[in-house]
Amino acid sequence: MMSAASTPSPLLRRARPPGDDGLVAHITPANAGWEFVSLAVHRLTAGGVVQRAADAEEVAVIVLEGRATVRAGDHTFPDLGSRTSVFDGPPPPLVLVEPGLPVEVSAASEALVAIASAPGGEAHLTRAFTPEEILVETRGAGNTQRRVHHLLPSAVPAGRLLAFEVFTPAGNWSSFPPHKHDTENPPVEARLEELYFYRFARPAGFAVQRVYTPDGELDETVVARDNDVVLVPRGYHVVGAAPGYDCYYLNVMAGPGREWRFTVDPDHAWLMDWDPGRPQETNQEHDGGPR
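These figures come from a predicted structure and were not determined experimentally. (Residues numbered from 1 in each chain as written. Predicted model: local features only at pLDDT ≥ 70, side-chain atom pairs only at ≥ 80, totals over all residues. Heavy atoms only, no water.)

Draft legend 1. Quick peek at the sheet that holds strand β9 (residues 103-107). The strand order across the open sheet formed by four strands is β4-β9-β6-β7, and the pairing between neighbours is antiparallel. Looking at which strands have only one partner, the edges of the open sheet turn out to be β4 (49-52) and β7 (75-80). Here the strands of the sheet are splayed against their neighbours by 10° on average, with no regard to which way each runs. (Pairing = 2+ DSSP bridges. Helix = DSSP H or I, 4+ residues; strand = E, 2+ residues; numbered from the N terminus. Axes fitted to C-alpha atoms, helices over the stretch in contact; angles between N-to-C directions.)

Draft legend 2. Looking closely at the side chain of His-181. Within the secondary structure, His-181 is located in the loop between β15 (173-180) and β16 (193-200). What makes His-181 buried here is its relative accessible area of 2%. Separated by 3.4 Å, the side chains of His-181 and His-237 make a polar contact. Beyond its immediate stretch of four places on either side in the chain, His-181 contacts Glu-189, Ala-190, Arg-191, Leu-192, Glu-194, His-237, Met-253, Trp-260, Arg-261 and Phe-262. (Buried < 20%, exposed > 50% of the residue type's maximum accessible area, 1.4 Å probe, protein only. Polar contact = N/O pair within 3.5 Å; in protein donor to acceptor, adjacent residues only side chain to side chain. Contact = heavy atoms within 4.5 Å.)

Draft legend 3. The pairing of β16, seen in detail. In terms of burial, β16 is largely enclosed, as eight of its eight residues are buried. Across the two faces of β16 the burial is the same, with Glu-193, Leu-195, Phe-197 and Arg-199 and Glu-194, Tyr-196, Tyr-198 and Phe-200 all buried. In this structure, β16 lies alongside strand β21 (residues 247-254), joined through eight bridges in antiparallel fashion. Opposite Tyr-196, over in β21, you have Asn-251 as the bridge partner. Relative to strand β19 (residues 229-232), β16 is paired through four bridges, and the arrangement is antiparallel.

Draft legend 4. Focus on the environment of Pro-102. The residue Pro-102 is located in the loop between β8 (94-97) and β9 in this model. Residue contacts for Pro-102: discarding those within four places in its chain leaves Arg-52, Ala-53, Ala-54, Arg-71, Ala-72 and Gly-73.

Draft legend 5. Up close: the sheet that holds strand β20 (residues 236-241). Here five strands make up an open sheet; going across it, the order is β18-β17-β20-β15-β22 and the pairing antiparallel. Each edge of the sheet is formed by a strand with only one pairing partner; in this case those strands are β18 (219-225) and β22 (263-264). Strand direction decides the pairing type here: β15 and β22, joined by two bridges, are antiparallel. In the strand pairing of β22, Lys-180 is matched with Thr-263.

Have a look at this one:
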């Protein structure tokens, strides 16, 4: 007996075949149903060019793979790039562009470039961040261990954008324990929209992501594949990488403010201090957050 096809989750956006501009993912407030975060990811051939007109948004250009030159108004940042694949190791270069400047990205080789944006905040800055300036941190333990690249954390001046990379080994969990940041309740929690752009070390790889609210009004579990995007407009969220498939995702967040303050699901809060060698014991120190 054949079952009816399930309705696709509104939180999952499948990768598209690259068009003339190499676009593989495109999220806007209009198609996401939210207020702040936009993302365009382009897979460019050598010599390929992407242009973005000036508007009132802050922009972050991240050269995820390959090499490219970024121009923002009168500023030129030549030959940026640190890796052939996101799994090569070092963080990528990033260019933060203040509102009101046009942006052009010219690929010097095959390149994967993410262009994130959000309405401009109080800080108006245009500058490049080198891989050496980006904090690399290992978080968690056992099957919650993951590596985090703090591309544009709240400690770095910017308008509204926050950005991180997370590398989750095959079979491990990240964004863990489940946490949310959908309520403006300082200093306990800050409202931030968030998206996840996924890559996998093997093209057949996949991850499972759950997004849910305490009242159960939203409870979606999706399977993300290579170049897919998952939206987190609200609710607790957590990611599990399938065994055999190392997982990467780029997080982009923005909201009314720029502080990353979250609430952990009370049912799983004990895992903030989990020692996998002593799973029933806790202590008072933790790794600083679930990224």
